[in-house]
Amino acid sequence: MKLVLYYLILLGSSYVISTYGPHQRAQMTGDILLGGLFPIHFGVSSKDQDLAARPESTQCVRFNFRGFRWLQAMIFAIDEINNSSTLLPNITLGYRIFDTCNTVSKALEATLSFVAQNKIDSLNLDEFCNCTDHIPATIAVVGAAGSAVSTAVANLLGLFYIPQISYASSSRLLSNKNQYKSFMRTIPTDEYQATAMADIIEHFEWNWVIAVASDDDYGRPGIEKFEKEMEERDICIHLNELISQYFEDHEIQALADRIENSTAKVIVVFASGPDIEPLIKEMVRRNITDRIWLASEAWAGSSLIAKPEYLDVVAGTIGFALKAGRIPGFREFLQQVQPKKDSHNEFVREFWEETFNCYLEDSQRLQESDSTSFRPLCTGEEDITSVETPYLDYTHLRISYNVYVAVYSIAQALQDILICTPGHGLFANNSCADIKKMEAWQVLKQLRHLNYTNSMGEKMHFDENADLAAIYTIINWHRSAEDGSVVFKEVGYYNMHAKRGAKLFIDKTKILWNGYSSEVPFSNCSEDCEPGTRKGIIDSMPTCCFECTECSDGEYSNHRDASVCTKCPNNSWSNGNHTFCFLKEIEFLSWTEPFGIALAICAVVGVVLTAFVMAVFVRFRNTPIVKATNRELSYVLLFSLICCFSSSVVFIGEPQDWTCRLRQPAFGISFVLCISCILVKTNRVLLVFEAKIPTSLHRKWWGLNLQFLLVFLCTFVQVMICVVWLYNAPPSSYRNHDIDEIIFITCNEGSVMALGFLIGYTCLLAAICFFFAFKSRKLPENFTEAKFITFSMLIFFIVWISFIPAYFSTYGKFVSAVEVIAILASSFGMLACIFFNKVYIILFKPSRNTIEEVRCSTAAHAFKVAAKATLKHSTASRKKSSSIGGSSASTPSSSISLKTNGNDCDTTSGKHKPRVSFGSGTVTLSLSFEESRRSSLM
């Protein structure tokens, strides 16, 4: 039974070997066999398989000269290795290379031949047949090109751990080692390319683009990563489209309509040349030439697109190209190709026919051709250098170099296996693999740990995702001035592993946009906002579409297209255009401004006038007027007024912490001292004159020492209020930034309640003083000037009642000005009302400043008080008599008369003896005002 099973497997496998896999191939035997997958054709012919008969293999169409050059690079590298005396000596590398036709089906057809051969080797059939001449197993595969093709191939090769090194598949999905176990590549992943594309768009300040991707495993993951990068940069994608070379015409036309109607001018394309070609043709037909194309590496150098007839549309394209390499001797190798010499390469014949547009004599295609596709015959010995094709474009070897590196990487891995010494290997117990019995999985293990320096001095190693470092060359499509062909001009580079800020470099002076312009195209949804404005959101529109809104006052933007306006610092304000901030003007009640000068002059005038009054009082201190006004308290009162005027000066000038803590206490204490003196003096005279006969008690109670004590006590209360205030909440200098263009330097009072107590206590004393002054208004005018004191207190109240609303309704320097005006007004009021009349009498009416004048005034007031008291007593007696005698009693008449001998005041005798008569009798009052007694009453 076992023998039958092996026999069946052998027969089936032999059938697979002989019949499976594409017939057209490049093949050479060797000790170790490498597989190759290359897109020798761009696609396959589309045929409807109705399955009426056995399905035929689809035919590949449109020869790919660049793909054939890549195949030649693999053959050239293998020939170099086989001719090397140091790399794999005495070992010959063979190859089997198939055409994928840029399709998954053809690639899988070829890959199955690799897998089938490896499966036969694993059956160990040597005991049943002589298998020494069979084709050796494929230990590694170079390819494929497209990411979609490589994805399918990797799924199959990964089942058998056959290493696969791609030279052009950049899809980021292939970095998933859990799914694609044996996949490796010598091209950077699209993970980096998508980031590089987003960086370029940000570099040119575009924010409104179109994204087009091929509908496969290359385009979809690439554009998905690109979308994420754009979101992070707040750049909008207007259209996001998929494309394929197999789209119907109406689908291509609909896509072209959407692109033509879009306002975005930049088109980002993640696709291969065959996939994007139908769209380019349609754009050329419509003559849409105002678009900028940003090409991924899959088509940035594609010969399908880089044609002179397409340049009107694609000129100015910015593309990503792989880092170019140098392959010594490759140019001569490419020129030596001939159908007769390269019998092992079946693709050479078709290449020759397509290059010279002819048929070889024994060509099978000649028999299959119809009369409409006439071509001349060719010998196969034509000069290949006389024809210009992409095959000989070896100026920038990019993919070809990747193929070259892939082959050498496999050879180096085999070299490491060859020279491995037991105990230093990578396998179990540090063992080494046998180069003669080596399996594919062992080569994969060695490749994962590969680290060598190639012939160009470059260090080669694969990272944890089996990828190489990402370095791109940025190219710009120019039109050749000689023949109008496409010229790929290098304009910069992108190094993903460089430092931040140094990854992207572009020389803008080398770029020609749309083939002729040096001005960067505009591809934004909205026009850039000018400095002084910011972007404003438009409802139901993407964030890239905005309206320009002027910055608010106090904010600015000094560059174009600002997203937000920057708030000016506290000490600055925005100019009229909101493009910069200027320093705010600092304001306070300055000594140099006219208003401050005027207030200072008023304060100085007040001090001078007060000092003048004090000098007059001191000079005439022994005159009756000065003595009658209690000169000691008058001195203190005048000193306090000087302090009041002086305290207003502290409010002028730039507020400092010490001035803020000094000015309110100085003002409060000065005013309380002033009002206390007026209060004590007024109340003392009132009590004396209201007493019928001054007694020793009055003289003792109102002695001079006690008067000063009362003044001290009243002032001490204000001092304590100030001390508590300064201790708990001391005022300080404060910069008020609330006003737009001005900084007001003011004093922060610390506690408004404390200020209220200070002013309130002052007003309380003033109210008491006003009460006593009002009661004293009928005292002798030459004695206390009670009416003027009353008037001065009225002025005080009017000023300070007006001060309260004015204080809280003003701001900045005017707060200090209001308080200075209040201090000066009330101080001038008290000075003028209390002292100016007396100074006028002393200086200009000396005749009234005599003892007799004072006595006359005092005596008249005394007799008036006595008369009123007697009249009141008499009236009360009559009312009592009337109530006893009945209503019939007659009411006696009464009369009061004041009689004096001669003048009312006898100035010669020095005595005044008025007589007062009340009906039935006469009362004589005699008052003597000796100097000593009067002085004691003071």
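Bear in mind that the values here come from a model prediction, so they are computed numbers and not experimental data.

S.K.: How should I be thinking about the overall build of the chain in this particular structure?
M.R.: The secondary structure content of the chain amounts to 26 helices and 32 strands. Considering the chain as a whole, with its 938 residues, one finds that 48% of them fall into the buried category. In the chain, of all internal contacts separated by at least 6 residues, the share reaching a separation of at least 24 is 70%.

S.K.: Explain the packing of helix α17 (residues 631–649) against helix α24 (residues 813–844) here, please?
M.R.: Packed helices, taken two at a time, are described by the angle their axes make and the gap between the axes. Closest axis-to-axis distance for the α17/α24 pair is 9 Å, and the angle between their directions is 155°. Between α17 and α24, the crossing angle belongs to the class labelled roughly antiparallel. Every pair of crossing elements has a handedness; the one defined by α17 and α24 is left-handed. For the pair formed by α17 and α24, the contact residues are Ser634, Leu637, Leu638, Leu641, Cys644, Phe645, Ser647 and Ser648 on the first element and Val820, Ile823, Leu824, Ser827, Phe828, Met830, Leu831, Ile834 and Phe835 on the second.

S.K.: Would you take a moment to explain the sheet that holds strand β7 (residues 164–166) for this structure?
M.R.: Adjacent strands of a sheet pair through backbone hydrogen bonds, lying either parallel or antiparallel. One open sheet accounts for 6 strands, arranged β1-β5-β2-β6-β7-β8; its pairing is mixed. The sheet is open, and its two edges are formed by β1 (25–28) and β8 (183–185), each paired on a single side. The mean angle between the axes of side-by-side strands here comes to 20°, regardless of whether they run parallel or antiparallel. As judged from the 7 bridges shared by strand β2 (residues 32–38) and strand β5 (residues 93–99), these two strands associate in the parallel manner. Across the sheet, residue Leu33 finds its bridge partner in β5, namely Gly94. Its contacts with the sheet place helix α4 (residues 147–157) against β2, β6 (138–142), β7 and β8, and it is angled at close to 165° to β7.

S.K.: I would appreciate a short explanation of the nonpolar core in the present structure.
M.R.: Across soluble globular proteins, nonpolar side chains show a tendency to be buried alongside one another. Judged by nonpolar contacts, the single largest core of 107 residues is most densely connected at Phe38, Met74, Phe226 and Leu414. By residue number, the principal contributor to this core is helix α13 (residues 399–418), which donates 12 residues. Two domains each donate at least three residues to this core, and these are domain 1 (21–44 + 59–188 + 328–360 + 378–461) and domain 2 (190–322 + 469–510). Setting aside chain neighbours within four positions, we find Phe226 in contact with Ala194, Met197, Ala198, Ile201, Ala211, Ile237, Val268 and Phe270. Among the nonpolar cores identified, the runner-up in size contains 63 residues, and Leu637, Ile652, Cys769 and Val799 belong to it.

S.K.: Hey, could you run me through the state of the cysteines in this one?
M.R.: Among covalent bonds in proteins, the disulfide is the one between the sulfur atoms of two cysteines. All told, the structure shown has 9 disulfides when counted by the stated rule. What pairs with Cys529 in a disulfide is Cys548, and their sulfur atoms sit 2.1 Å apart. Taking the torsion about the S-S bond as the criterion, the Cys529 to Cys548 disulfide, at about -95°, is left-handed. With Cys529 in the loop between β20 (504–506) and β21 (533–537) and Cys548 in strand β22 (residues 546–550), this residue pair connects regions lying 19 residues apart in the sequence. The disulfide bridge from Cys568 ends at Cys581, spanning 1.8 Å between sulfur atoms. Disulfide Cys568-Cys581: torsion about the S-S bond near -75°, hence left-handed. One end of the pair, Cys568, is in the loop between β24 (566–567) and β25 (572–574); the other, Cys581, is in strand β26 (residues 581–583), and 13 residues separate them in sequence. Since its relative accessible area comes to 6%, Cys568 is described here as buried.

S.K.: I would appreciate a short explanation of a negative patch on the surface in the present structure.
M.R.: A surface patch of negative charge is lined by Glu388, Asp393, Glu482 and Asp483. With respect to the helices and strands, Asp483 occurs in the loop between β18 (471–479) and β19 (486–495). In this structure Asp483 comes out as partly exposed when scored by relative accessible area, which is 49%.

S.K.: Help me out: how do you make sense of unusual backbone geometry in this one?
M.R.: What you tend to see is this: most non-glycine residues have negative phi, and most peptide bonds are trans. At the junction of Gly143 and Ala144, the peptide bond is cis and its omega measures out at 0° in the coordinates. Here Ala144 is to be found in the loop between β6 and α4. Even without a glycine there, the phi angle at Cys101 is positive, about 55°. With respect to the helices and strands, Cys101 occurs in the loop between β5 and α3 (104–121).

S.K.: Can you walk me through the UniProt feature "transmembrane region" (unreviewed entry) in the chain in this structure?
M.R.: Mapped onto this numbering, the UniProt entry annotates "transmembrane region" (unreviewed entry) at residues 595–620, 632–653, 665–687, 708–727, 752–774, 786–808 and 814–836. Between the C-alpha atoms that bound residues 752–774 there is a distance of 32 Å. The span itself is 100% helix and 0% strand. Across residues 814–836, helical content stands at 100% and strand content at 0%; the span's end C-alpha atoms are separated by 31 Å.

S.K.: Where do I start with helix α5 (residues 190–203) in this structure?
M.R.: Spacing of three or four residues puts side chains on the same side of an α-helix, whose turn is 3.6 residues. For α5, spanning 14 residues, the distance from its first C-alpha to its last is 19 Å, which sits close to the expected 20 Å at 1.5 Å a residue. Of all 14 residues making up α5, 11 are buried, and the element is well covered by its neighbours. All of the buried residues along α5 are Asp190, Tyr192, Gln193, Ala194, Thr195, Ala196, Met197, Ala198, Asp199, Ile200 and Ile201. Trailing α5 by a residue or two, Glu205 shows a phi angle of about 60°, which is positive.

Thresholds, definitions, all that
- Residues numbered from 1 in each chain as written.
- Predicted model: local features only at pLDDT ≥ 70, side-chain atom pairs only at ≥ 80, totals over all residues.
- Heavy atoms only, no water.
- Helix = DSSP H or I, 4+ residues; strand = E, 2+ residues; numbered from the N terminus.
- Buried < 20%, exposed > 50% of the residue type's maximum accessible area, 1.4 Å probe, protein only.
- Contact = heavy atoms within 4.5 Å.
- Axes fitted to C-alpha atoms, helices over the stretch in contact; angles between N-to-C directions.
- Parallel < 35°, antiparallel > 145°, perpendicular 65-115°, else oblique.
- Left-handed = near helix turned anticlockwise from the far one by under 90°.
- Pairing = 2+ DSSP bridges.
- Core = buried A, V, L, I, M, F, W, Y, C linked by side-chain atoms within 4.5 Å.
- Domains from an automatic or database assignment.
- Disulfide = S-S within 2.5 Å.
- Patch = residues over 30% accessible without salt bridge, like charges linked within 9 Å, V, L, I, M, F, W, Y side chains within 5 Å.
- Areas by Shrake-Rupley, 256 points an atom, 1.4 Å probe, with all protein chains shown as cover.
- Salt bridge = Lys/Arg side-chain N within 4 Å of Asp/Glu carboxyl O.
- Lys, Arg positive; Asp, Glu negative; His and termini not counted.
- Charge placed at Lys NZ, Arg CZ, Asp CG, Glu CD.
- UniProt positions renumbered as here; feature names shortened; annotations may be inferred.
- Expected span 1.5 Å × (residues − 1).

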